[in-house]
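# Report on the structure
Each chain, written out:
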Amino acid sequence: MIPGGPRPRARRAAPALALALAAGVFGRALAAAPAPDWRTPSERTGSLETPRLAETVAYLKRLASASPWIRVASFGKSGEGRDLVLVIASKDGVFDPAAAAKSGRAVVLVQAGIHAGEIDGKDAGLALLRDIAITHDKAALLDHVVLLFMPIYNVDGHERFGPWNRINQDGPKEMGWRVTSRNLNLNRDYLKADALETRAWLKVFNAWRPDLLVDSHVTDGADFQYDVTYAIETGPNVAPAVAAWVRERLLTPLLPALEARGHQVAPYIQLVDDADPGKGQAGAISDPRFSTGYTVLRNRPSFLIETHMLKDYPTRVRATYDTLAGLLEAVGRDAPGLRAAVRAADADAARPGRTPLRFRVTPATHPVEFKGYAWTREPSAVSGGVKVVYGRDPITRTVDRLDQFEVTVEVERPRAYLVPPQWTEVIDVLRAHGLRLLRLSEPLTTAVGGYRLSEPQWQEAPFEGRHMVTFQSARADGVAREFPRGTVVVPLDQPDSALAVNLLDPQGPDALAAWGFFDAIFEQKEYYEPYVMERMAQEMLDRDPKLRTEFETALADPKFAASPRARLDFFYRRSPYWDNRIGLYPVGLVTSDAVRLVTRPDTP
């Protein structure tokens, strides 16, 4: 889209449905519109616009003033100092985590606007809250559920308002920006937790420990007929009880119900080849940096809503509304089952066992129906490549889908991790995630498990404010280490053991080591003078024939032989002066019950 030019036109909904959407009908199919004073700000524009933050909060406060079922609170501040808004919708005075736990109700957290240009969930959520608490059309949704709603998670990005923020998206007229005021993508920040917004979100999650997270987005990607695509983890990274509940008790009723309401629904569509939709689709297991990957570590499912960018805004908001209502209905029908699955996963995670860290898709494919639009592939005079040109004729094709996964890296959970007290930034992240932490109350010298990291390679361009690092990791077990008083102990007999492993085992894709929290361990801090090392190297050669043979073998490498520095380094690294802590991962792994840990509670 060229700035100043027309916005792309999307395919329109059926006339009757389009009229209903424009009238703001969400409570009942084609029923009379609610009283004009309770139309949401978006509905007052025919669902063509979305309100700014102040107007959104004002509407929520009106709901709270009119209904005892709604409370509005701030759960923190954004980078630019705006309030982060949390709505609690509940019956019978259940408005805090303790009361929710006693009530037996399932807690569902719905967040919108994590990418603030993808704002369908905000306007759908306002309408749904209205239909729950004011018109009572959807009041039954709260019979067995406490609803937490974040209407605009990324508030600073939301207020970077404009018509040109989403090049691929049809409406609303203006919308917010994808990332925060620090240019961070909150949906890449769940594990490293750099953003103030993420730290605030974690406080909500730790307090409530919701049974289900719903994350509302608008997809980019191919053109197709579906107005709703979704993703939810059920693979080898998910606790079996939770995966079974998702498949049998959530998806089984939800998907037919959405289709019955006129929606076309499919699992999230990612093409194997963006330039050729006919080559099929591929699924993925979400890394912990994403919402859908993070809650798996907390033994809870996340449902990702991805409405289709080229559907107009009224259609997308209606699709999100119906999906939210359908999810709450499914949870309400089996709240005890969901809670039991989550409790079973929590209990299993607190026992000794193994945690998978990395996965790969298997070559096995299966056929799926793909409802797309006719396309052609043509040479492009602009890009010089092949462009896909989508037509208007709907087609249905059978394509292959890759979505079966296997574990490639899995570790035995240690009894505990030991994090030396000087690694304060790491300890702050552990606290932010709500992990149970202890402190050594006296120094400890013992042989522990661990890792040695080598061959670090830093990503040249920054990613989410950091230069990620890859390295080779090798176990370095049985090394005697000294841990001072105040060392943080992370016991693994806790429900969030998988979270701790993904943060602290350096093999994880989003481990703190991979994000650069331990970069200093790769730095050499002492150096030799060449004339000193020359003399020492000759002495080492004269007294050690085995070393001489090793050196002569190394000289067969022309690059090594041609480098005076590399040749002297060969001897320095084998001398007693070499710093053997370079690359030694500072976090220790307690793997034996014989190691006595004298601890006290961690107090920030």
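Summarised in this report is the structure supplied together with it. Residue indices follow the written sequence of each chain, beginning from 1 at its first position. Since the coordinates come from a predicted model, pLDDT governs what is reported: local features require at least 70, and pairs of side-chain atoms require 80 or more to be given and counted, while whole-chain, interface and lining totals use all residues. In computing side-chain values, all of the structure's heavy atoms are included and hydrogens and water are not.

### Here we look at the sheet that holds strand β21 (residues 588-590)
Read across the sheet, five strands follow the order β21-β14-β20-β15-β22 without closing on themselves; strand pairing throughout is antiparallel. Whereas interior strands pair on both sides, the edge strands pair on one side only; in this sheet they are β21 and β22 (599-601). Averaged over all adjacent pairs, the angle separating strand axes in this sheet is 35°, with direction ignored. Strand pairing follows a simple DSSP-based rule, namely that at least 2 bridges must link the two strands. The secondary structure listing takes helices from DSSP runs of H or I that are at least 4 residues long and strands from runs of E that are at least 2 residues long, numbered from the N terminus. Sheet topology note: the strand β15 (residues 438-440)/strand β20 (residues 488-491) ladder contains two bridges and is antiparallel. Working convention: axes come from line fits to C-alpha atoms, limited for helices to the stretch in contact. Angles between N-to-C directions cover 0 to 180 degrees.

### Some details on the layout of surface pockets
Considered as a void within the structure, the largest pocket measures approximately 1400 Å³ in volume. Here a cavity means grid points, on a 1 Å grid over the protein atoms only, where a 1.4 Å probe fits yet cannot get out; a pocket means an open set of points with protein on both sides within 12 Å along at least five of seven lines; lining residues are those with an atom within 4 Å of a point. As for the largest pocket, its lining consists of 47 residues, and the residues nearest its centre are Tyr230, Ala231, Tyr268, Ala284 and Arg401. Elements represented by at least two residues in the lining of the largest pocket include exactly β5 (212-219), β6 (228-231), α7 (240-260), β7 (265-267), α8 (291-297), β9 (302-308) and β12 (386-402). Considering each element in turn, the lining of the largest pocket owes the most residues, four residues, to α7. Grid points are joined across faces, edges and corners, and a volume is the space filled by probe spheres set on the points.

### Some details on the packing of helix α14 (residues 545-554) against helix α16 (residues 564-572)
α16 packs onto α14 with a crossing angle of 150° between their chain directions and a minimal axis gap of 12 Å. Classified by the interaxial angle, the pair formed by α14 and α16 is roughly antiparallel. Crossing hand, α14 versus α16: right-handed. For the pair α14 and α16, contact is made by Leu547, Glu550, Phe551 and Ala554 and by Arg567, Phe570 and Phe571, respectively. For this classification, the nonpolar set comprises Ala, Val, Leu, Ile, Met, Phe, Trp, Tyr, Cys and Pro, the charged set comprises Asp, Glu, Lys and Arg, and every other residue, Gly included, is treated as polar. Residue composition of the contact of α14 with α16, by class: five nonpolar, no polar and two charged. Should an angle fall under 35 degrees it is called roughly parallel, over 145 degrees roughly antiparallel, and 65 to 115 degrees roughly perpendicular, with every other angle called oblique. For any pair of crossing helices, the crossing counts as left-handed if the nearer helix is rotated counterclockwise from the farther one by less than a right angle, and right-handed if it is rotated clockwise. Residues count as neighbours in contact if any of their non-hydrogen atoms are within 4.5 Å of one another.

### Quick word on the nonpolar core
Judged by nonpolar contacts, the single largest core of 131 residues is most densely connected at Trp201, Val419 and Leu504. Residues in contact with Val419, not counting those within four places in the same chain, are Val426, Ile427, Leu430, Thr487, Val488, Val490, Leu504 and Val587. Here the nonpolar core consists of buried residues drawn from Ala, Val, Leu, Ile, Met, Phe, Trp, Tyr and Cys, with membership extended through side-chain atoms lying within 4.5 Å. Burial classification: accessible surface area is computed with a 1.4 Å probe over protein chains only, and a residue below 20% of its type maximum counts as buried, one above 50% as exposed, and the rest as partly exposed. Listed in part, the 15 residues of the second largest apolar core include Met533, Phe570, Phe571 and Trp578.

### Focus: helix α10 (residues 335-349)
Compared with an ideal rise of 1.5 Å per residue, which puts 15 residues at 21 Å, α10 spans 21 Å between its outermost C-alpha atoms and is within 8% of the ideal. Along α10, the positions that sit buried rather than exposed are Ala335, Leu338, Arg339, Ala341, Val342, Ala345, Asp346 and Ala349. Taken down its axis, α10 places every buried residue within 160° of arc, on the same side. On its buried side, α10 packs onto α3 (97-103), β3 (106-111), β5, α7, α9 (313-333) and α12 (497-504). What a helix is expected to span follows from its residue count: subtract one and scale by 1.5 Å. The arc in question is the one traced by the directions running from the helix axis out to the C-beta atoms.

### Topic: the pattern of salt bridges
Should a side-chain nitrogen of Lys or Arg be within 4 Å of a carboxyl oxygen of Asp or Glu, the pair is scored as a salt bridge. Under the definition given, this model contains 40 salt bridges. Here Arg130 makes a salt bridge to Asp131, at a shortest N to O gap of 2.5 Å. A single burial state applies to Arg130 and to Asp131, both of which are buried. A salt bridge links Asp510 to Arg289, with the shortest nitrogen-to-oxygen separation between them at 2.8 Å. Placement of Asp510 in the loop between α12 and α13 (530-543) and of Arg289 in the loop between β8 (281-282) and α8 is noted, with a sequence separation of 221 residues between them. An identical accessibility class is assigned to Asp510 and Arg289; each is buried. Taken together, the salt bridges that share partners define one network made up of Asp189, Lys192, Asp194, Glu425 and Arg466.

### Points about the side chain of Glu118
Positionally, Glu118 belongs in the loop between β3 and α4 (120-133). In this structure the side chain of Glu118 is engaged in a polar contact, spanning 3.3 Å, whose partner is the side chain of His217. Among residues more than four places away in sequence, those in contact with Glu118 are Gly113, Arg166, Gln169, Arg178, Ser216, His217 and Val218. Residues adjacent in sequence count toward polar contacts only when both atoms are side-chain atoms; beyond that, a polar contact is any pair of N or O atoms within 3.5 Å, and within protein one must be able to donate a hydrogen and the other to accept it.

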